[in-house]
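Chain by chain, the residues run as shown.
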Amino acid sequence: MSSPALPAAVPPPTLPHWEQTPDDLAAATREIKAALRARIAASGRTVEEVFAVVERRIQAEVDEITAARQRGETIWPVIDYPDIEAGTVPDEALSLLRRRGCLVVRGHFERTQALGWDRDILDYVGENRFFENYRGPADDFFSSVGSKPEIYPIYWSPAQMQARQDDRMARVQGFLNRQWKHESDGVRWFDPDRDSLYPDRIRRRPEGTTSGGLGTHLDPGNLDLWMTKAYQQAFRHLFDGTVEQYDPWDAAYRTDGPQYPGTTMCSVFRTFQGWTALSDMAHDQGVLHTVPIAGAMAYLMLRPLLADVPDDDMCGVTVNQTFPANGTWHPLLMQALSGIPDVRAGDSVWWHCDMIHSVAPVQNQQGWGNVMYIPAAPWCPRNEHYAASVRDAFITGSSPSDFPVEHYERTWTNRFQLDDLNHIGRRGFGLGL
Ligand SMILES: [Fe+2]
């Protein structure tokens, strides 16, 4: 044994964690930031060095998107539904999806089917005198949109449920879920072939609308992303100096664990958020935008640790609000903000759950802007837990527990019924296999 002994490895410092919203947010923020800096420093790299790696990668993506835009290319990847059904999605399309983290599925449903659903929804709310009884927005977030019902707090129409439990929906969700690594370390984090039918609302934005849109934000959480044990494990590579190994498609530790409660929370794990178009929409009529860089979360999570951010500030992220992204702290990311291309009724639109998104302002909108929000929320402990409350809401026609307490549909007679559930619907609600 002539070689010199290696120095004993020093385990990196552990992180404090708060499984419920901390009482003193500023103190907890100071504490976790100091601990994260110390943990990264224990790897032998500084926060600045680690962030520089991320920034270079993001810069390369931004440059690529800028160049593609100048060449007149569509930034959002587009895949035709028949290719998903036949398993013939070209490799280049798959790699662009993994890189950009968002997707338009062309012809997900027949256009006539989608337009029929739009009419069915209008009939459903009309027969139940929704417009006469509408009490105004009850939501802290979407209420900024205006006082007219643009977001309908409607969850249980036959049209929505038919779309949620449709074979074509299940097939696209399975395809999207499989972009994620869902098994590792002997754990199956989620079942890519079983969706939990997360009930969400409808948007029907009429012609002639003038709207300020919605600012750039993210939906996966807020301070809990840094402060709970599960998310600290999910983002482990960002916090221990091995940032090169961070994989935005790794579901490990994301499918269980607590979230800090709030009025804008989403209790389930979504691989992708999404909506299905119920009208044709032109790309310049106040449509969805994203920062189409799948790995951007690394930038967003590490940015608050740099020295120019006050110790008690996470770049404006706080509880009970969506996670803001903006030109103050993230100007590089904002350069990549890109809108969807023109879509037709029956196309669907998807974006990775950690992705920055916004809705552009519009003046005197041409054509309708109608969508059903239907994400990909695969079966996992977190989603199974929420499914119990979804079942109750479905049976009683109530607003699901993630949403404002409005309950318009409780007395509506023609909502989707238990007997109307097919195999996909029953599995999604946890009502047997
Ligand atoms: Fe959002």
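This section reports on the structure supplied with the text. Everything quoted here is computed from the prediction, not taken from an experiment.

## Considerations on the sheet that holds strand 8 (residues 214-218)
- Pairing in this open sheet of five strands is antiparallel, and the strands run 11-8-14-10-12 from one edge to the other. Each edge of the open sheet carries a strand with a single partner, namely strand 11 (323-324) and strand 12 (338-339).
- Direction of pairing for strand 8 relative to strand 11: antiparallel, over a ladder of two bridges. In the sheet register, His 217 faces strand 11, and the bridge partner there is Pro 324.

## A closer look at the coordination of the iron ion
- At the metal site, the iron ion is ligated by His 217 (NE2), Asp 219 (OD), Asp 219 (OD) and His 357 (NE2), and these contacts range over 2.2 to 2.6 Å.
- One can describe the donor arrangement at the iron ion as irregular, given that its four donor atoms subtend angles of 52 to 129 degrees at the metal.
- Sequence spacing of the donor residues for the iron ion, all on one chain, is H-x1-D-x137-H. Within this pair, whereas His 217 is found in strand 8, its partner His 357 is found in strand 14 (residues 357-359), the two being separated by 140 residues in sequence.
- Taking relative accessible area as the criterion, His 357 reaches 5% and is therefore assigned buried.

## Focus on the sheet that holds strand 3 (residues 151-152)
- Pairing within the open sheet is mixed, and its seven strands lie in the order 1-2-13-9-15-7-3. Unpaired on one side and paired on the other, strand 1 (78-80) and strand 3 mark the two borders of the sheet.
- With three bridges joining them, strand 1 and strand 2 (residues 102-106) adopt parallel strand pairing. Across the sheet, the residue bridging to Ile 79 is Val 105, located in strand 2.
- Across the face of the sheet, helix 8 (residues 167-177) comes into contact with strand 1, strand 2, strand 9 (272-277) and strand 13 (348-352) while running at roughly 25 degrees to strand 13.

## Let's talk about unusual backbone geometry
- A positive phi is found at Asn 320, a non-glycine position, where the angle reads about 65 degrees.
- As for its position among the elements, Asn 320 is in the loop between helix 12 (296-302) and strand 11.
- Residues other than glycine seldom take positive phi values, yet Asn 364 does so here, at roughly 50 degrees.
- Inspection of the secondary structure puts Asn 364 in the loop between strand 14 and strand 15 (369-373).
- Judged by its relative accessible area of 47%, Asn 364 is partly exposed.

## Describing helix 14 (residues 381-396)
- Between its first and last C-alpha, helix 14 extends 24 Å over 16 residues, near the 22 Å set by a 1.5 Å rise per residue.
- At Ala 388, helix 14 is deflected by roughly 30 degrees, the largest bend along its length.
- Buried residues along helix 14 sit in contact with helix 10 (229-234), strand 16 (378-379) and helix 15 (423-428).

## Here's the deal with the pairing of strand 9
- The buried fraction of strand 9 is high, at six of six residues.
- Burial along strand 9 is two-sided: Phe 272, Gly 274 and Thr 276 facing one way and Gln 273, Trp 275 and Ala 277 facing the other are all buried.
- Pairing of strand 9 with strand 13 involves five bridges; the strand directions are antiparallel. Paired with Trp 275 across the two strands is Val 349, which belongs to strand 13.
- As judged from the three bridges shared by strand 9 and strand 15, these two strands associate in the antiparallel manner. From the neighbouring strand, Ala 277 faces strand 15, where its bridge partner is Val 371.

Parameters at a glance
- Residues numbered from 1 in each chain as written.
- Predicted model: local features only at pLDDT ≥ 70, side-chain atom pairs only at ≥ 80, totals over all residues.
- Heavy atoms only, no water.
- Pairing = 2+ DSSP bridges.
- Helix = DSSP H or I, 4+ residues; strand = E, 2+ residues; numbered from the N terminus.
- Donors = N, O, S within 2.8 Å, 3.2 Å for Na, K, Ca; no water.
- Tetrahedral: all angles 85-135°; square planar, octahedral: opposite > 155°, others 65-115°.
- Buried < 20%, exposed > 50% of the residue type's maximum accessible area, 1.4 Å probe, protein only.
- Contact = heavy atoms within 4.5 Å.
- Axes fitted to C-alpha atoms, helices over the stretch in contact; angles between N-to-C directions.
- Expected span 1.5 Å × (residues − 1).
- Bend = angle between axes of the 7 residues up to and from the residue.

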